[in-house]
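Single-letter residue listing:
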Amino acid sequence: MPVILHRPRSYAALLLTCCLVGFAFFFSSYLRVPIVPLYATSLGATAVQVGAINAVFMLMAGLLSIPAGLLSDRVGRRNVLLGGMTLIAISAFILPYTTTPLQLIALYLLFGIGLAAFAPAMMSYVADLAPASHLGRAFGWYTIAVYLAMMLGPAAGGFLDGAFGPRFVFFLSGALALAMVPLTLLVLPAHPGEKPAPASRPALWPALVELADNRRYNLCLLVTLGGCFGFGMFLTFIPLHLHDLGEGAGRIGLVFAIQALTNVLSRLP
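Note that the coordinates shown come from a computational prediction; the quantities given were computed from them, not determined experimentally.

**Overview of helix α3 (residues 47–63)**
Now for step 1: Counted at 1.5 Å a residue, the expected span for α3 with its 17 residues is 24 Å, and the 24 Å between its end C-alpha atoms agrees.
Now for step 2: Next to the buried residues of α3 lie α2 (36–42), α4 (65–75), α6 (101–129) and α10 (215–244).

Quick look at the structure:
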């Protein structure tokens, strides 16, 4: 007889599972952060091509976030979550077999699609399961889990690269992301709190037009774009700069860990 895993139905248990899945997802993704720029240069990538790798990733993650969020409204949060985690895992498993910078750029398009699918769907899932009186603290716990993963992932990736090499880190990244697929499928219900899916959904294009006409929303996007522009340069070129200074992957990962730690601590006040 197969063993049936009973799904937790309480708000606290579901939120804890979301925090665990979010932590594992971003930890596995950020394991690669200090390594991929160096790996790209080992394949002969120029500084422009290294920048293009992260650029296409962030471009896809940004452009597809709204469509992915709308898609999760139509087909369910969990389905989009599962798709995003699967794409991230596939991109990690293929990464060690890339042999040219152009292949890396193409692969990071897939990585960006996976992140675009996961991030808004999981945030929406947390919002769906949390009571209105606990929404702020639910987001607080989830974002703490995510930023702890962003802090620990690069440090662990740099250390493991120094000990076992980049291929090990890439396979570990894929394995962690893939391990969250059965956990999400078995533990997280399709509809948080047993809420039924709405009978009808708004059309996709009118929803996008409505967002495009919202000036305050567009200003928020512009401010976010400015912040992410600077962070994208940091993410891409700090590993190359530190490598030129003679630092190894472990030290590079430590720099990213300190940056993420200050990010977490500064959110408290």
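**Structural notes on the side chain of R78**
Now for step 1: Relative to the helices and strands, R78 is located in helix α5 (residues 77–94).
Now for step 2: With a relative accessible area of 13%, R78 lands in the buried category.
Now for step 3: In terms of polar contacts, R78 uses its side chain to reach the backbone carbonyl oxygen of L185, at 3.3 Å.

**Some remarks on the environment of S29**
Now for step 1: Mapped onto the fold, S29 is located in helix α1 (residues 11–30).
Now for step 2: Looking at S29, its side chain comes within polar contact range of the main-chain oxygen of F25, at 3.0 Å.

**A closer look at the packing of aromatic side chains**
For any pair of aromatic rings, the description rests on two quantities: the centre-to-centre distance and the angle between the ring planes.
Now for step 1: Counted according to the given criterion, the structure contains 11 aromatic pairs.
Now for step 2: With a centroid separation of 5.3 Å and 80° between ring planes, the pair formed by F25 and F26 is classed as edge-to-face.
Now for step 3: Relative accessible area serves as the criterion here: at 1%, F25 is assigned to the buried category.
Now for step 4: Considering the side-chain rings of F57 and Y108, the 5.9 Å spacing of their centres and the 80° angle between planes classify their relative orientation as edge-to-face. Taken as a pair, F57 in helix α3 and Y108 in helix α6 lie far apart in primary sequence, 51 residues in all.
Now for step 5: Lying across the ring of F111, R32 places its NZ or CZ 4.1 Å from the centre.
Now for step 6: For the cation-ring pair, R167 lies above Y97, with the distance from its terminal atom to the ring centre recorded as 5.3 Å.

**Brief notes about the side chain of R32**
Now for step 1: Locating R32 in the fold gives a position in the loop between α1 and α2.
Now for step 2: An unpaired buried charge is present at R32: no salt bridge exists, and D161, the closest side chain of opposite charge, is 12 Å distant.
Now for step 3: Of note is the side chain of R32, whose polar atom sits 3.2 Å from the side chain of S173.
Now for step 4: Excluding anything up to four places from it in sequence, R32 contacts I88, S91, A92, L95, Y108, F111, F170 and S173.

Conventions and cut-offs
Residues numbered from 1 in each chain as written. Predicted model: local features only at pLDDT ≥ 70, side-chain atom pairs only at ≥ 80, totals over all residues. Heavy atoms only, no water. Helix = DSSP H or I, 4+ residues; strand = E, 2+ residues; numbered from the N terminus. Expected span 1.5 Å × (residues − 1). Contact = heavy atoms within 4.5 Å. Buried < 20%, exposed > 50% of the residue type's maximum accessible area, 1.4 Å probe, protein only. Polar contact = N/O pair within 3.5 Å; in protein donor to acceptor, adjacent residues only side chain to side chain. Phe/Tyr/Trp six-rings, centres within 6.5 Å; stacked < 30°, edge-to-face > 60°. Lys NZ or Arg CZ within 6 Å of the ring centre and 35° of its normal. Lys, Arg positive; Asp, Glu negative; His and termini not counted. Salt bridge = Lys/Arg side-chain N within 4 Å of Asp/Glu carboxyl O.

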